[in-house]
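Fold and geometry: a report
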There are 2 protein chains.
Amino acid sequence: MKKYEQLYNSIKNMILTNQLKAGQKVPSIRKTAQIYNLSVTTVQNAYFELCADGYIISKEKSGYFVTHIADKAENKQTKSKAKSAKYDLTGGIADSDVFDISLWQRYIKSALRQKERLLSYSQPKGEYDLRCAVSEYIREKRNVTASPDRIIIGAGVQPLLQMLCSLLDKTKSVSFPAKSFVQGIGIFKDYGFDVKIRNKDADIIYVSPSHMTRWGDVMPIKRRLELVEYSNKKGSLVIEDDYENEFLYNVRPTPSLYALGKDNVVYMGSFSAMLIPSIRISFMVLTNELKELFEKEEYRYCQTASKTEQIALCSYIRDGHINSQIRKTRRLYSAKTKKFFDLLKKAFPNNDLSISENTLQIIMKINNDISPDTFEKHSLKILTEKKDSGETVLIMSPAGVNQRDFDFIIDLIRQCLN
Amino acid sequence: MKKYEQLYNSIKNMILTNQLKAGQKVPSIRKTAQIYNLSVTTVQNAYFELCADGYIISKEKSGYFVTHIADKAENKQTKSKAKSAKYDLTGGIADSDVFDISLWQRYIKSALRQKERLLSYSQPKGEYDLRCAVSEYIREKRNVTASPDRIIIGAGVQPLLQMLCSLLDKTKSVSFPAKSFVQGIGIFKDYGFDVKIRNKDADIIYVSPSHMTRWGDVMPIKRRLELVEYSNKKGSLVIEDDYENEFLYNVRPTPSLYALGKDNVVYMGSFSAMLIPSIRISFMVLTNELKELFEKEEYRYCQTASKTEQIALCSYIRDGHINSQIRKTRRLYSAKTKKFFDLLKKAFPNNDLSISENTLQIIMKINNDISPDTFEKHSLKILTEKKDSGETVLIMSPAGVNQRDFDFIIDLIRQCLN
């Protein structure tokens, strides 16, 4: 541990144990440096971190003070910790080993040096050079050929879908593959669309071929071809959410619907799953018709993704880091899934267990009717689903939990099921 | 200029003048260091910047190459430069002197050090500590008292309005202060609301008291009180977009409608105007009723603002930099407006000229009927508006242009008006 971190921790502890009380003045940087025999820079760094984390606050010309927020934040944290589970197997968290954050820092730093560029808003479609990089990337990876003009960047799939909804005729019907697509269904319903489930005769067909259900089913190539042909004939629009396609490494690579379609497919993808969830950059490829519509009303739209992160991501992609990142993530996540699967198999030899095609989820059938509350009481967060057949299925994604905790987690699951 | 910047510029020029052609290999870092007698680190920094800006690309194990995108990006840039004006007086750009980007860099770097935190998605409402900081900030500045639970963060006002629309009953009517609120009106129309202009009997009343029109009118306190009382009695919801209130320094500070209302006001604000436009963080304070609704469907929403920037902004606010930033921006922008106004007055002694109440815009009445195209042909971007009285009004915001160019710009305006 670095010196400034040691100091950070000791002051933080003094605050949390009330040796330093809210509102109280903290010794000055110079004094603290003298007391602990540290350099002024070290103390500055520690104080800066304490400020950043909300434990102390600097008041102009009068020094540093312990915040009131410090207590509150800590209380809130413990409160929300008690509420939210310690071991999250729902897949929303990344493994801390997987993402090289210092590399990303370099790109962010470089982006922040482009001062002139940061003084203005991003274009409504997003930064032009990022759209060029995305265009090259999806052509190479998914055979999605689209000029940068047809690519729209957004802070997640949600704002992109909202933009798309505003471009479409709201009297149309939209089909979703399952009721579990709550976010997408919610957005289309909000805009007044007629939402249906698995209805191939809808005007708009939303599909996620690489992740059709919550348990990670992949759409077979035959069904992809059928869907494309049928929608072509019917003149319906397909929205292809290519969520998690990067992880389909053990399945034969399947073509994108976009590549099979005839300018009637909107293609959507995201970089969050490949990088870390906190970087919210997604993209959408519009059909030519929708692109024209968008440009006519471009003044109505604002870009939601951070400009700094867009600039950084562009260079990150161009330098080839996305590919190595995907390889690394795939390898690690799939190894973790396999290991967790083997341990589960040993612990529950009589249960029906399988790994999803995208290798990210483990599906376990159980006879008990279990509620998410039971898991939460045991510090676990696990998705459950009642299948039509009446069975309950647990969907577990061990990517975000530490391998050292696997045995302990399995023990907790056992306690829940007994 | 630093050494690496010199090298960056010389290589960039070689690329732009086609001495180095697209696809061609660039000398290796070591070789370039030898040729120019520079350190390897210096060359590395220059190459890194060239990569970041898309001029060269590194290919694994084979070195650096001039990109094809370099031309395209350059072409695109010149193309869009030809299309978009050189002198933008519409107010969408910040002055490069106003924002201390190296200070912001420090906060971003510190945020990126919180690795564990960056591994997960932000809460749908946004980061808790930022909401605490915003809560304190608006209480102090605008007398808006709201717990962090009622504050929602978003990447701009647009995604926040979309969220709000999804919470409201879409059969209701909404009133906007003027037709010029194109973005807001577009969003409400998309969701199926009945949009009206200046109709106090609508169910939802959208107002922007500090910026009521495109020429920066401020809503007088008397009308604020009337509006609050009337909407209270009628049970209508007020959406208070407190856009640019920070710049109202020469007007008597006016109370927020939120502070005057009775839990029937949704308060919205943004940090983009205070910082730089590329940092897209806005916030919205929900009424208690809407907050309950939001929490019931929280799983449907994703946070759009960058988590890194949220963490950075939180510390930035807590350390008091927002206040000094606002003071600095106000001072500079208002001085620039005044100077530009004086020069205009001298150049056009017979025209009716005034400075808007928020001191950001200059309004100039003209007799000619001029189209934006005329300005664009003269490298200018100026908002015009035909008033009901038949006069044409130019709305000019000189904040984003360089003071050195003021005389030249005024000469261009003269050419346009002749």
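Scoring rules and cut-offs
The written sequence of each chain sets the order in which its residues are numbered from 1. Key to labels: chains lettered from A, ligands numbered from 1, both in the order written. Per-residue local features of the predicted model are confined to residues with pLDDT of at least 70, and side-chain atom pairs are confined, for both listing and counting, to 80 or more; whole-chain, interface and lining totals are unaffected and use all residues. Side-chain descriptors were evaluated using all non-hydrogen atoms of the structure, hydrogens and water having been removed beforehand. Contacts between residues were defined by any pair of non-hydrogen atoms, one from each residue, lying within 4.5 Å. Every case where a carboxyl oxygen of Asp or Glu lies within 4 Å of a side-chain nitrogen of Lys or Arg is listed as a salt bridge. The term polar contact refers here to a pair of N or O atoms within 3.5 Å; inside protein, the definition further demands a hydrogen-donor-capable atom paired with an acceptor-capable atom, and it admits residues adjacent in sequence only when both atoms are side-chain atoms. Per the convention used, a helix needs a DSSP run of H or I reaching at least four residues, while a strand needs a run of E reaching at least two, with both numbered from the N terminus. Residue polarity follows a fixed list, in which Ala, Val, Leu, Ile, Met, Phe, Trp, Tyr, Cys and Pro are nonpolar, Asp, Glu, Lys and Arg are charged, and the others, Gly among them, are polar. Criterion used throughout: strands pair if DSSP finds at least two bridges between them. Only the contacting stretch of a helix is used when fitting its axis, a line to C-alpha atoms as for every element, and angles between N-to-C directions run 0 to 180 degrees. Per residue, pLDDT captures the predictor's confidence, and it can take any value from 0 to 100. In this analysis, the expected span of each helix is defined as 1.5 Å times one less than the number of residues it contains. Relative accessibility under 20% of the residue-type maximum defines a buried residue, over 50% an exposed one, and the middle range a partly exposed one, all with a 1.4 Å probe and only protein chains included. The rule is short: rings of Phe, Tyr and Trp, with Trp giving its six-membered ring, pair when the centres are within 6.5 Å, and they are stacked under 30 degrees, edge-to-face over 60, tilted in between. Angle categories are assigned with fixed cut-offs, so that under 35 degrees is roughly parallel, over 145 is roughly antiparallel, 65 to 115 is roughly perpendicular, and the rest are oblique. Take the far helix as the reference: if the near one is turned anticlockwise from it by less than a right angle, the crossing is left-handed, and if turned clockwise, right-handed.

1. What about the interface of chain A and chain B?
Facing the 71 residues of chain A at the interface are 71 residues of chain B. Between Asp190 of chain A and Arg300 of chain B there is a salt bridge, with its nearest N and O atoms 2.5 Å apart. Along the contact surface separating chain A from chain B lie 13 residue pairs in polar contact (both at pLDDT 80 or more). It is helix H5 (residues 101–112) of chain A that provides the largest number of residues to the side of chain A that touches chain B, a total of nine residues. Looking at side-chain class alone, the side of chain A that touches chain B contains 30 nonpolar, 20 polar and 21 charged residues.

2. Points about the sheet that holds strand E15 (residues 383–386) of chain B
All names here are of chain B. Reading across from one edge, E12-E13-E16-E15 is the order of the four strands in this open sheet, with antiparallel pairing throughout. With partners counted over all chains shown, the strands left at the sheet margins are strand E12 (353–355) and E15, one partner each. Here the strands of the sheet are splayed against their neighbours by 25 degrees on average, with no regard to which way each runs. Taken together, the three bridges between E12 and strand E13 (residues 362–366) define a ladder with antiparallel strand orientation. Within E13, the residue paired with Ile355 across the bridge is Ile362. Along the sheet, helix H14 (residues 321–347) contacts E12, E13 and strand E16 (392–396); its crossing angle with E12, the most-contacted strand, is approximately 175 degrees.

3. Re the confidence of the model for chain A
Residues and elements named next belong to chain A. Per-residue confidence for chain A gives a mean pLDDT of 84, with 89% of residues at or over 70. Least confident of the elements in chain A is helix H4 (residues 69–83), whose mean pLDDT is 43; most confident is strand E5 (residues 151–154), at 97. Contacts for the low-pLDDT stretch residues 72–83, under 50 throughout, to residues beyond four places or in other chains number seven contacts.

4. Digging into helix H7 (residues 128–142) of chain B
All names here are of chain B. Between its terminal C-alpha atoms H7 stretches 21 Å, which fits the 21 Å expected from 15 residues at 1.5 Å a residue. Counted residue by residue, H7 has eleven buried out of 15 residues, so it is predominantly covered. Turning to H7, its buried residues number three or more, namely Tyr128, Asp129, Leu130, Arg131, Cys132, Ala133, Val134, Ser135, Tyr137, Ile138 and Arg142. After H7 finishes, the residue Asn143 shows a positive phi value of roughly 60 degrees.

5. Overview of the pairing of strand E9 (residues 237–241) of chain A
Regular strands place their side chains on alternate faces of the sheet. All names here are of chain A. Counting buried positions along E9 gives five out of five residues, so the element sits mostly inside the fold. Of the two faces of E9, the one carrying Leu237, Ile239 and Asp241 and the one carrying Val238 and Glu240 are both buried. Relative to strand E10 (residues 265–270), E9 runs parallel, the two being bridged by four bridges. Counted as the bridge partner of Asp241 is Met268 from E10.

6. A word on the packing of aromatic side chains
Between two aromatic rings, the relevant description is the distance of the centres plus the angle of the planes. Residues and elements named next belong to chain B. What the rule picks out here adds up to 35 aromatic pairs over all chains. With a centroid separation of 5.8 Å and 50 degrees between ring planes, the pair formed by Tyr137 and Phe271 is classed as tilted. Of this pair, Tyr137 sits in helix H7 while Phe271 sits in the loop between strand E10 (265–270) and strand E11 (282–285), placing them 134 residues apart in sequence. Arranged with centres 5.1 Å apart and planes meeting at 65 degrees, the rings of Phe188 and Phe193 form a pair that is edge-to-face. By relative accessible area, which is 0% here, Phe188 ends up buried. The buried category is assigned to Phe193, whose relative accessible area is 5%.

7. A few points about the packing of helix H8 (residues 157–167) of chain A against helix H9 (residues 182–190) of chain A
Residue and element names in this part refer to chain A. Following both chains from N to C, one finds H8 and H9 inclined at 30 degrees, their axes separated by 10 Å at the closest point. As judged from the angle between their axes, H8 and H9 are roughly parallel. Considering how the two elements wind past one another, H8 and H9 form a crossing that is right-handed. In this structure, H8 contributes Gln158, Leu161, Gln162 and Cys165 to the contact, and H9 contributes Gly184, Ile187 and Phe188. Residue classes in the contact of H8 with H9 are distributed as four nonpolar, three polar and no charged.

8. A few points about the pattern of salt bridges
For the structure on display, the rule yields 30 salt bridges over all chains. The partner of Glu295 of chain A in a salt bridge is Lys125 of chain A, with the nearest N and O atoms 2.5 Å apart. Pair noted here: Glu295 of chain A is in helix H12 (residues 288–296) and Lys125 of chain A is in the loop between helix H6 (115–118) and helix H7 (128–142), with a separation of 170 residues, a long-range link. Looking at Glu295 of chain A, the relative accessible area reads 29%, which means it is partly exposed. For Lys125 of chain A, a relative accessible area of 4% corresponds to the buried category. For Asp263 of chain B, the salt bridge goes to Arg150 of chain B, with nearest N and O atoms at 3.7 Å. Remark: Arg150 of chain B occurs in the loop between H7 and strand E5 (151–154) and Asp263 of chain B occurs in the loop between helix H11 (257–260) and E10; sequence separation between them is 113 residues.

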